[in-house]
Amino acid sequence: MSDDFTKEKARASAWFHSLRDEIVTAFEGLEQSHDTGPLSDTAPARFEVSETRRASDDGSDAGGGLMSVMRQGRVFEKVGVNVSEVYGHLGQAAQKAMAARGVPGMESAPRFWASGISLVAHMQNPHCPAVHMNTRMFWTPHAWWFGGGSDLNPCIEYPEDTAHFHGQQQAHLDPHGADLYPRLKAWADEYFYIPHRGRARGVGGIFMDDRNTGDWEADFALTQDIGRAFLPAFLPLVERRRVQPFTDADRDTQLIHRGLYAEYNLVYDRGTKFGLATGHDANAVLMSLPPLAKWV
C-alpha cells in the first residue's frame with residue numbers, strides 16, 4: 001500500500017459507482033414492471049442525473065460526484081442515489097469533530113479524502129417501507145476507515161418484512177464473523193434512535209463507523225457485502241407491497257412518519273452535518289429529505 005492509498009481509494013470509489021449503477025437499474029426496473037395496483041396506470045419515472053462539484057476556499061477543485069434522483073414515479077415518490085469523491089482540507093470545526101472521535105494528526109495534517117454512496121427512498125404506497133443505505137471510505141494522512149449500513153423505515157410495519165430485511169443482512173455479514181451482525185444491528189438501534197421522540201425512526205438494520213481493523217482488504221470486503229445485501233433485502237418487500245390498495249388514512253400515517261425521518265436527518269445525522277460543514281452541494285446532502293411530510 002502507498003502512503004496516500006492511491007490504489008485503495010480508486011478501488012473503493014469504483015465500487016461505490018458500480019453499486020450505484022446496479023441500484024439505479026434495479027429501481028428503474030421496478031418502475032417499468034409495476035403494471036398492477038395503485039398508480040400502475042401512470043407513467044414510469046426515470047432517474048435525473050446531474051454532476052455535483054465542490055470547490056476549496058481558494059476556488060480549486062475539491063471533488064464532486066453524481067446526484068441521481070427519481071421523482072413522482074409509479075413506485076417511488078422520491079428516491080436519490082448519490083455517489084461522491086471529495087478531498088481537500090478540513091476546516092476548523094471539522095478538524096475538531098474528527099479529533100474528538102480519536103482521529104490523530106488533524107491539527108498538523110488536516111487533509112482528507114472521502115468517497116461513498118448514499119441512498120434514500122421514499123415510496124408512493126404507504127405499505128412499501130422507506131429505506132436508507134450508505135457505505136463510505138474516509139482517509140486522512142494518519143488514518144483511514146470505512147462506515148455505513150442500511151435501515152428500514154416502514155410507516156406500516158409488517159413483521160415478515162422486517163424479518164426478511166434483517167435476515168438478508170445477517171446472511172451477508174455472517175461470513176465475516178458470527179459476532180458481526182449482532183454488533184452492527186445493536187449499533188444501528190442506537191444510532192438511528194431519536195432522543196427527543198424517545199423512539200427509533202424505523203425497524204433498524206445494520207450500522208458501523210470508524211471501521212479499521214488494520215486489514216484494509218478485509219474491511220473493504222465487509223463494506224462491499226453491506227452494499228451487496230441491500231437489493232436482496234429491499235426489492236422483495238417492494239414487489240410484495242406495491243400492489244396493495246391504500247387509504248387516505250394510510251397516506252396520513254405515512255406523512256406523519258416521514259416527519260420523524262426529516263427530524264433525525266436534520267438534527268442528528270452525522271453524514272448530513274459533515275456534508276454541509278465541508279461545503280458539498282447542499283441539494284445532494286439534503287437529498288434524503290422526503291418530498292412531503294406532516295407534523296400534527
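Everything below is about the structure shown above.
This text gives an overview of the structure that appears in the document. Keep in mind the model is a prediction, meaning the values are calculated, not measured.

1. Some details on the nonpolar core
Thought 1: I23, F27, F76, M137 and F230 are the most contacted members of the largest nonpolar core, which has 50 residues in total.
Thought 2: Here the element with the most residues in this core is helix α1 (residues 6-33); it accounts for 9 residues.
Thought 3: When near neighbours in sequence (up to four residues on either side) are disregarded, M137 contacts F5, E8, K9, A12, F16, W113, A114, S115, W145, F146 and W216.
Thought 4: Counting 11 residues, the second largest nonpolar core, distinct from the first, contains V86, L90, A114 and A143.

2. Points about the layout of surface pockets
Thought 1: In this model, the largest pocket occupies a volume close to 920 Å³.
Thought 2: Lining of the largest pocket is provided by 47 residues; of these, R270, G271, T272, F274 and G275 occupy positions nearest its centre.
Thought 3: If you tally residues by element for the lining of the largest pocket, the top one is helix α8 (residues 270-277), at 7 residues.
Thought 4: Its residues assigned to classes, the lining of the largest pocket comprises 23 nonpolar, 16 polar and 8 charged.

3. Focus: the pairing of strand β4 (residues 111-123)
Thought 1: Among the 13 residues of β4, 11 are classified as buried, and the element is accordingly described as predominantly covered.
Thought 2: Inspection of the sheet shows strand β3 (residues 76-89) paired to β4 by 13 bridges, in the antiparallel sense. Note that in β4 the partner of V79 across the bridge is A121.
Thought 3: In terms of strand pairing, β4 meets strand β5 (residues 130-140) through 9 bridges, oriented antiparallel. Across the sheet, A114 pairs through a bridge with F138, a residue of β5.
Thought 4: Linking β4 to β5, which pair antiparallel, is a turn of 6 residues.

4. Some words on empty space enclosed by the protein
Thought 1: This model, assessed by the stated rule, comprises 3 cavities of 30 Å³ or more.
Thought 2: Lining of the largest cavity is provided by H122, M123, P126, C128, P129, A130, N153, C155, Q254, H257, R258 and Y261.
Thought 3: For the lining of the largest cavity, the secondary structure elements donating two or more residues are β4 and α7 (248-267).
Thought 4: Of all the elements, α7 adds the most residues to the lining of the largest cavity, at 4 residues.
Thought 5: Split by residue class, the lining of the largest cavity holds 7 nonpolar, 4 polar and 1 charged.
Thought 6: As a volume, the second largest cavity reaches approximately 40 Å³.

The rules behind these values
Residues numbered from 1 in each chain as written. Predicted model: local features only at pLDDT ≥ 70, side-chain atom pairs only at ≥ 80, totals over all residues. Heavy atoms only, no water. Core = buried A, V, L, I, M, F, W, Y, C linked by side-chain atoms within 4.5 Å. Buried < 20%, exposed > 50% of the residue type's maximum accessible area, 1.4 Å probe, protein only. Helix = DSSP H or I, 4+ residues; strand = E, 2+ residues; numbered from the N terminus. Contact = heavy atoms within 4.5 Å. 1 Å grid on protein atoms, 1.4 Å probe; cavity = no way out; pocket = protein on both sides within 12 Å on 5 of 7 lines; lining within 4 Å. Points joined across faces, edges and corners; volume = space filled by probe spheres on them. Nonpolar A, V, L, I, M, F, W, Y, C, P; charged D, E, K, R; others polar. Pairing = 2+ DSSP bridges.

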